Amino acid sequence: MTEPRPRQAAPTPHPCEPGDGDLRLSVWPTAQRDARAQRAGRYLPAATAHPGKMLPAIAATAISRYTQPGDLVADPMCGIGTTLIEAVHLGRDALGVEYEPRWAGLAAAGIAHARRHGATGTGEVVCGDARQLPAIAPASARGKVALIVTSPPYGPSVHGHVRAGAQGVRKFNNRYSHDPVNLAHHGLDALLGGITRILVGCAALLRPGGIVVITARPWRHRSELVDLPSAVIAAGRAAGLTPVERCVALLAGLDGDRLVARPSFFQLDNTRKARARGEPWHLIVHEDLLVLQHRPFPGSSSELKGPQREPGHPSVAPLHRRAAADQADGTRAA
Ligand SMILES: C[S@@+](CC[C@H](N)C(=O)[O-])C[C@H]1O[C@@H](n2cnc3c(N)ncnc32)[C@H](O)[C@@H]1O
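A quick note: this is a predicted structure, and the numbers were derived from the prediction, not measured.

Caption draft 1: Main features of the overall build of the protein chain. Counting its regular elements, the protein chain contains eight helices and 14 strands. Within the span of the protein chain, comprising 334 residues, buried residues form 53% of the whole. Partitioning the contacts of the protein chain with sequence separation of at least 6, the portion at a separation of at least 24 is 75%.

Caption draft 2: Region of interest: the sheet that holds strand β1 (residues 27–28). Ordered in space as β1-β11-β14-β8-β5-β2-β3-β4, the eight strands form an open sheet in which the pairing is mixed. The open sheet has two edge strands, β1 and β4 (123–127), and neither has a second partner. Pairing of strand β3 (residues 93–98) with β4 involves five bridges; the strand directions are parallel. Across the sheet, the residue bridging to Glu98 is Cys127, located in β4. Together, β2 (72–75), β3, β4 and β5 (145–150) form the strand contacts of helix α3 (residues 82–89), whose direction differs from that of β3 by roughly 170°.

Caption draft 3: Structural context of the pattern of salt bridges. Tallied over the full model, the rule gives nine salt bridges. Between Arg217 and Glu287 there is a salt bridge, with its nearest N and O atoms 3.0 Å apart. Of this pair, Arg217 sits in the loop between β8 (206–216) and β9 (219–221) while Glu287 is found in strand β14 (residues 286–293), placing the two residues 70 residues apart along the sequence. Look at Arg217 and you get buried, because its relative accessible area is 18%. Here Glu279 and Arg277 are joined by a salt bridge, their closest N and O atoms 3.2 Å apart. Residue classification places Glu279 among the partly exposed residues on the basis of a relative accessible area of 26%.

Caption draft 4: Representation of the pairing of β14 in the model. Where burial is concerned, most of β14 is hidden: seven out of the eight residues are buried. Sheet analysis places strand β11 (residues 242–250) next to β14, joined by eight bridges and oriented antiparallel. Note on β14: the bridge partner recorded for Leu250 is His286.

Caption draft 5: Layout of the site of the ligand. Around the ligand there are 26 residues in total, and His50, Met54, Thr82, Glu98 and Ala130 lie nearest to it. Within the contact set of the ligand, an oxygen atom lies 3.0 Å away from a side-chain nitrogen or oxygen of Asn182. Relative to its unbound accessible surface of 610 Å², the ligand loses 100% to contact with the protein. Its residues assigned to classes, the shell around the ligand comprises 13 nonpolar, nine polar and four charged.

Caption draft 6: Spotlight on the nonpolar core. In terms of nonpolar packing, the biggest core is built from 42 residues, with Ile63, Tyr66, Val125, Leu147 and Val213 touching the most fellow members. Contributions of two or more residues to this core are made by α2 (56–66), α3, α4 (101–116), β4, β5, β8, β11 and β14. Ranked by the residues each element gives to this core, the list is headed by α4, at seven residues.

Caption draft 7: Region of interest: the environment of Thr30. When you line up the elements, Thr30 lands in the loop between β1 and α1 (35–39). Remark: the alpha-carbon pair of Thr30 and Ala60, spanning 30 residues in sequence, is separated by 9.2 Å. Sequence-distant contacts of Thr30, that is, excluding residues within four places in its chain, are made with Gln38, Leu55, Ala57, Ile58, Thr61, Ala249 and Leu250. Within polar-contact distance, the side chain of Thr30 engages the backbone oxygen of Leu250 at 2.9 Å.

Caption draft 8: Highlighting α3. With eight of eight residues buried, α3 is to be regarded as a mostly interior element. All of the buried residues in α3 are Thr82, Thr83, Leu84, Ile85, Glu86, Ala87, Val88 and His89. On the buried face of α3, the contacting elements are α2, β2, β3, α4, β4 and β5. Following α3 by one or two positions, Gly91 adopts a phi angle in the positive range, close to 80°.

Caption draft 9: Highlighting the side chain of Thr150. In this fold, Thr150 is placed in strand β5. Classification of Thr150 as buried rests on a relative accessible area of 2%. Apart from residues lying up to four places away in sequence, Thr150 is in contact with Met54, Asp75, Pro76, Met77, Val213, Ile214 and Thr215.

Caption draft 10: The arrangement of helix α6 (residues 188–205) in detail. Its 18 residues give α6 an end-to-end C-alpha distance of 26 Å, which sits within 8% of 26 Å, the value for a rise of 1.5 Å per residue. Within α6 the residues assigned to the buried category are Leu191, Leu192, Gly193, Gly194, Ile195, Thr196, Ile198, Leu199, Gly201, Cys202, Ala203 and Leu205. Considering only its buried residues, α6 is in contact with α5 (133–136), β5, β8 and α7 (228–238).

Caption draft 11: Broad picture of the environment of Ile111. You can see Ile111 is positioned in helix α4. Here Ile111 falls in the buried class, since its relative accessible area comes to 2%. Each C-alpha atom of the pair Ile111 and Glu86 lies 9.0 Å from the other, and the pair is 25 residues apart in sequence.

Caption draft 12: Summary view of the packing of α2 against α3. In contact at an axis separation of 9 Å, α2 and α3 are set at 50° when each is read in the N-to-C sense. As far as their axial angle goes, α3 and α2 are oblique. In the packing of α2 onto α3, the handedness of the crossing is right-handed. For the pair α2 and α3, the contacting residues are Pro56, Ala59, Ala60 and Ile63 in the first and Thr82, Thr83, Glu86 and Ala87 in the second.

Parameters at a glance
- Residues numbered from 1 in each chain as written.
- Predicted model: local features only at pLDDT ≥ 70, side-chain atom pairs only at ≥ 80, totals over all residues.
- Heavy atoms only, no water.
- Helix = DSSP H or I, 4+ residues; strand = E, 2+ residues; numbered from the N terminus.
- Buried < 20%, exposed > 50% of the residue type's maximum accessible area, 1.4 Å probe, protein only.
- Contact = heavy atoms within 4.5 Å.
- Pairing = 2+ DSSP bridges.
- Axes fitted to C-alpha atoms, helices over the stretch in contact; angles between N-to-C directions.
- Salt bridge = Lys/Arg side-chain N within 4 Å of Asp/Glu carboxyl O.
- Near = heavy atom within 4 Å.
- Polar contact = N/O pair within 3.5 Å; in protein donor to acceptor, adjacent residues only side chain to side chain.
- Areas by Shrake-Rupley, 256 points an atom, 1.4 Å probe, with all protein chains shown as cover.
- Nonpolar A, V, L, I, M, F, W, Y, C, P; charged D, E, K, R; others polar.
- Core = buried A, V, L, I, M, F, W, Y, C linked by side-chain atoms within 4.5 Å.
- Expected span 1.5 Å × (residues − 1).
- Parallel < 35°, antiparallel > 145°, perpendicular 65-115°, else oblique.
- Left-handed = near helix turned anticlockwise from the far one by under 90°.

Dropping the structure here:
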């Protein structure tokens, strides 16, 4: 849905520290304020329920760094719309796709909230399967998107909230739905197939030279570290995109030369238990940011090389079902 530009202007604070977006550093200080402080007043309270939100400062830094005011920014797995909300606050226009009607509705409501508080960009949310991106995105967006900022779902081991009760500590809100179209329910190979498919669609939306920023956090499965970032780079190559940068977004604060970790209960608990077993675990306090570029005419020397180059390509998983045309309206989702 597209909203008219608002008259009222009562800006909420930018989630980055002043000037962060101007620095060409590969380590982004994106957690100088914790997630709650970054979202306070800027996001609707109902958005808290989403199990895997991006830190607003990650989206804001990417948008400031790779786009200009008036550009179109998109997120094919937009959740409650962090990318879109930061984009409209920064004077960019925004397009989001989200499969779950609950989150799509909240993303649309979040954009409206941002505009009531002074955001000048316009935003639109489509509820549907992002693997069908060229079919479900507005035709007017084709070849026009300057930047895509997105974070894939990794499943319940990384996402969720905890609550202490009489029966001990309980995890909740750690799954998106029980619908198999949601990529959160897939194993690694199918997840990568879905990501590849979505990136193929992203390439169709991007303008020449347009950028994709994907967050990918390594995670542990049965004590093994799963190198999702390298696999996502391979997915990007399979989709015809060129890896150009690999950055680190800190999930810990920087205090001089110290990192101030803000781990979840389960991260801390799992790490302590592993250490008690004699396994040398450390907390993971960053997300990898994989930066890919749409180069319809290949041949630049700035592509990532050496160890970051991936030899293989992930397979593309078959589609489960086509996105229903009647889902393509975020307004019905709220
Ligand atoms: C890690 S979350 C993204 C959160 C988002 N960056 C935010 O800050 O709210 C991944 C999102 O992808 C959505 N998703 C999963 N499979 C999808 C699909 N096939 N098409 C569109 N969205 C999908 C999930 O429902 C989830 O909201």
